[in-house]
Amino acid sequence: MGRRLQIYLERLSLDELLFLEHELDRRKLKFKKEYSVLAVQPEQKLLTALQRTTLVPLSRELRRHYNECAAAGGGILLAYSPEVSLLLMRDVKGAETAAVKLFTGLAEVNGRLSGDTPRVSLKLGLATGEDVLAAGSVRSIRQSELVRRASQCAWKSPAGAMLIDERSARKWEPKSAPVRLPIEIEGNQVFRVTPSEPSQTAAVPDNDKLEEFVNQAVEKGVTTLKYSLLREEANEVSNGAWSKPVARAVITVEGYDSEAGRNMVYTLRCAFAEYSEKVDYVRRVISDRGLGLVKHEVATQITA
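Residues numbered from 1 in each chain as written. Predicted model: local features only at pLDDT ≥ 70, side-chain atom pairs only at ≥ 80, totals over all residues. Heavy atoms only, no water.

**Student:** Summarise the packing of helix α10 (residues 207-219) against helix α12 (residues 275-288); cite the residues concerned and give the values.
**Tutor:** For any two helices packed against each other, the geometry is given by the interaxial angle and the distance between the axes. For the pair α10 and α12, the least separation of the axes is 10 Å and the interaxial angle reads 35 degrees. Note that α10 runs across α12; the crossing there is right-handed. Between α10, through Asn207, Leu210, Glu211 and Val214, and α12, the contact on the second element is made entirely by Tyr281, Val282, Val285 and Ile286. Considering only residue class, the contact of α10 with α12 consists of six nonpolar, one polar and one charged. (Axes fitted to C-alpha atoms, helices over the stretch in contact; angles between N-to-C directions. Helix = DSSP H or I, 4+ residues; strand = E, 2+ residues; numbered from the N terminus. Left-handed = near helix turned anticlockwise from the far one by under 90°. Contact = heavy atoms within 4.5 Å. Nonpolar A, V, L, I, M, F, W, Y, C, P; charged D, E, K, R; others polar.)

**Student:** Describe the pattern of salt bridges, with residues and values.
**Tutor:** This structure, assessed with the given rule, holds twelve salt bridges. Close ionic contact of glutamate 186 with arginine 148 constitutes a salt bridge, the shortest N to O distance being 2.8 Å. Placement of the pair is glutamate 186 in the loop between β6 (179-185) and β7 (188-193) and arginine 148 in helix α8 (residues 145-156), with a sequence separation of 38 residues. Taking the relative accessible area as the measure of exposure, arginine 148 reaches 35% and is therefore partly exposed. One salt bridge in this structure joins arginine 283 and aspartate 280, with 3.5 Å as the shortest N-O distance. Taken together, the positions of arginine 283 and aspartate 280, both in helix α12 and three residues apart, correspond to about one turn of that helix. (Salt bridge = Lys/Arg side-chain N within 4 Å of Asp/Glu carboxyl O. Buried < 20%, exposed > 50% of the residue type's maximum accessible area, 1.4 Å probe, protein only.)

**Student:** How would you summarise the side chain of glutamate 96 if you had to cite specific residues and measurements?
**Tutor:** When you line up the elements, glutamate 96 lands in helix α5 (residues 92-104). The class for glutamate 96 is buried, based on a relative accessible area of 5%. Once residues lying within four places of it in the same chain are set aside, the contact partners of glutamate 96 are Trp172, Glu173, Pro195 and Ser196.

Next up, the structure:
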């Protein structure tokens, strides 16, 4: 079929080829919608320093991570490569949800990698506007202004941060969150934001203890932490005479201190209705410090 199409096109005149191109553009207009394109780039120093044997499992873990985050935001993985990947989202809110998952889940990605692999950090860029985009269409991706703008935002972004264009900033909630930067991309103003879900705005009660624990792990040279989620049954005495026993979730994070020969332990107890946001907050703090995170074998699957 491709051979026949090539012969057919070779017989057409220039005017006929221009008419076909115009007709294709006209028919594609009905598929033109407003999208938000989220570009994701790992640190370039990491990719250039790795050998192929190390890069292959890293690439596999990142692709799975990107797919999960895109699905969480109601979007799809538009294109993937170890250098830069593109997530196609329906709106800015979905892109923010995906960005939160990208950052909070990065600690577990690092935890699944071998100890010799450097820690992965991501740079994000977001662009919003009307375009014709489809997964698997290389031509639409190459010709897209949104893809180019989002990629440049990610390239200029520092590690662990996210830059967005002007149209994304107008649709971002809350309106006061985007901070304008003194740079432009193709005549568009650039803003810096910190992706966070509404549930994550509530601070962890002992935030200082968590920061102290993570800082201590970094000072001791610990690269990977282990966490567990357990259900703690409450007795009637601890809940008082007029209240029913209420079970709680126990979040435990451990790291081995080789100098002292013992584990460093951080424990957080909370209600089942709050454990999900608390776990995401702990993951984000650990991820921001570049540490890996793995799940303990005795951890249970908790459902609120």
